[in-house]
Amino acid sequence: MRKEVFVGRKYGFIYIVISISILFLSGCPKPPIGPVGSLRDMAASRNIRIGAAVDPTKFSETAYDNTCKTEFNMLVAENVMKMDTIHPSATTYNYSPADLIMTYAQNNGMTVRGHALLWHNQVPGWVTAKPYSELIAVMQSHIDNVLTHFKGKIHSWDVVNEVVKDNGLGLRNNDDSSSIWADSLTDDSIIKEAFYRARAVDPDAKLIINDYSNEAKGSTKADKLYSLVAGWVGAGVPIDGVGFQLHLMESSTPNYTAIRQNIDRYIALKPGFQVQFTEIDVRISEPASQSELDNQASIYANLMRIALDYYPNVTVFVTWGITDKYSWIPSVFSGYGSALLFDGAYAPKPAYHALVNALR
Ligand code: G3I
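This is a predicted model, so every value here is computed, not measured.

Draft legend 1. Fine view of unusual backbone geometry. Backbone torsion omega between H115 and A116 reads -5 degrees, so that peptide bond is classified as cis. The topology assignment puts A116 in strand 3 (residues 111-119). With omega at 5 degrees, the peptide bond leading from Y311 into P312 counts as cis. With respect to the helices, strands and loops of the structure, P312 is situated in the loop between helix 11 (290-309) and strand 9 (316-319). Even without a glycine there, the phi angle at E162 is positive, about 60 degrees. The residue E162 is located in the loop between strand 4 (156-161) and helix 8 (189-201) in this model.

Draft legend 2. Focus on the side chain of S178. Relative to the helices and strands, S178 is located in the loop between strand 4 and helix 8. On the basis of relative accessibility, which here comes to 13%, the residue S178 falls in the buried class. Side-chain polar atoms of S178 contact the backbone nitrogen of N173, separated by 2.9 Å. A polar contact of 2.5 Å, which involves the side chain of S178, links it to the side chain of D176.

Draft legend 3. Structural context of the site of the ligand. Close to the ligand lie 14 residues, the nearest being E78, K82, H115, E279 and W320. Here an oxygen atom of the ligand and a side-chain polar atom of K82 are 2.6 Å apart. Protein contacts shield 46% of the accessible area of the ligand, which totals 790 Å² for the unbound molecule. A breakdown of the residues in the shell around the ligand according to their chemical character gives three nonpolar, seven polar and four charged.

Draft legend 4. Spotlight on the layout of surface pockets. Counted as a void, the largest pocket has a volume near 530 Å³. Every element with two or more residues in the lining of the largest pocket is listed here: strand 3, strand 7 (247-249) and strand 8 (274-285). A per-class count over the lining of the largest pocket returns eleven nonpolar, ten polar and six charged.

Draft legend 5. View of the pattern of salt bridges. Tallied over the entire structure, the rule returns 15 salt bridges. Taking the shortest distance from any N to any O, the salt bridge between D188 and K192 comes out at 3.6 Å. For D188, a relative accessible area of 18% gives the class buried. Judged by its relative accessible area of 29%, K192 falls in the partly exposed class.

Draft legend 6. Structural view of the environment of I267. Residue position: I267 is located in helix 10 (residues 256-267). The exposure class assigned to I267 is partly exposed, which follows from its relative accessible area of 23%. Spatially, the C-alpha atom of I267 lies 9.4 Å from that of V314, the residues being 47 residues apart in sequence. In contact with I267, other than residues within four places in its own chain, are F273, V275, Y310 and N313.

What counts and how
- Residues numbered from 1 in each chain as written.
- Predicted model: local features only at pLDDT ≥ 70, side-chain atom pairs only at ≥ 80, totals over all residues.
- Heavy atoms only, no water.
- Helix = DSSP H or I, 4+ residues; strand = E, 2+ residues; numbered from the N terminus.
- Buried < 20%, exposed > 50% of the residue type's maximum accessible area, 1.4 Å probe, protein only.
- Polar contact = N/O pair within 3.5 Å; in protein donor to acceptor, adjacent residues only side chain to side chain.
- Near = heavy atom within 4 Å.
- Areas by Shrake-Rupley, 256 points an atom, 1.4 Å probe, with all protein chains shown as cover.
- Nonpolar A, V, L, I, M, F, W, Y, C, P; charged D, E, K, R; others polar.
- 1 Å grid on protein atoms, 1.4 Å probe; cavity = no way out; pocket = protein on both sides within 12 Å on 5 of 7 lines; lining within 4 Å.
- Points joined across faces, edges and corners; volume = space filled by probe spheres on them.
- Salt bridge = Lys/Arg side-chain N within 4 Å of Asp/Glu carboxyl O.
- Contact = heavy atoms within 4.5 Å.

Listed below in structure tokens is the structure:
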């Protein structure tokens, strides 16, 4: 009896092993991946979202399309989800450009960040013409409509973007014309309501407050944003994370220790609090030398190492564009460029290889 039982168990075990192997080999669903060793493939192996800001009018360019779907697994709209495009008048919404990104992402197994619901820039005229007293209703209708349209398809939303003044003295506000979305340095009523509204419409999306020059603990602006977010989270405002845009200069090495200290205090706010690297580019004074490109590569790699060290609180690593050919940098910072992972001819730069190696 005992022998028969033993034999039965042995063959039973073998049967289980064989059937599991057949199931696996028969192609239980596996995430689409790029060529082995692509940045996307390496990131997927570490559960990192490696993303790029995209312009849907460029998908028809073969090199743009191939590089995008092979090397990235997250997309964000550089411009077409902003209010001026998506909500051009009080009664009209234009989702066509954004839906091109959603379809592209779905066809290529990618996730999408939503950028941005409330921002002081690219606000349509019909909104800026309104008195402050009418703006909370504008925000509510905007968020209701936009989040309903994309419901369940957005990984994380930049609910508010760049609400802290660069001098760190308080909120951008309409007193100094730095934003219509606050009535004073301390008026956070619309900001808080935006998070509640977004949570109510799409409870699955991570709700993020995004800003630039906010990454290093000890800078006035970063400390101000942290204290505001800590207060809001403590009061129960549904904020799931902070976005560090990380628009950097190759000539100015980031303070990696201060970035780590900043992440430490954010992730202590509540379990699972996210820090997302949302708009990374590292601009170089043109023409970029080999040593500058190598230094740029070390900056990208050091940021990725920080992300990996803080996994799973840091899982989003998005560059603000795919190729230097279309980067916003030269048009805003005259004489600067070469800020991204792929050059103007879509050749991977040292920064690309440094990221692949950091992910290994
Ligand atoms: O769409 C119009 C087009 O119809 C017109 O012919 C053309 C010339 O005037 O302008 C086009 O709009 C431009 C828009 O990009 C779309 O291309 C705006 O002028 C231009 O100012 C706008 O720049 C964008 C900028 O945000 C707006 O402030 C950049 O592409 C975009 O990279 C940049 O992204 C921001 C993030 O959203 C927030 N964080 C900072 C980051 C860099 O500024």
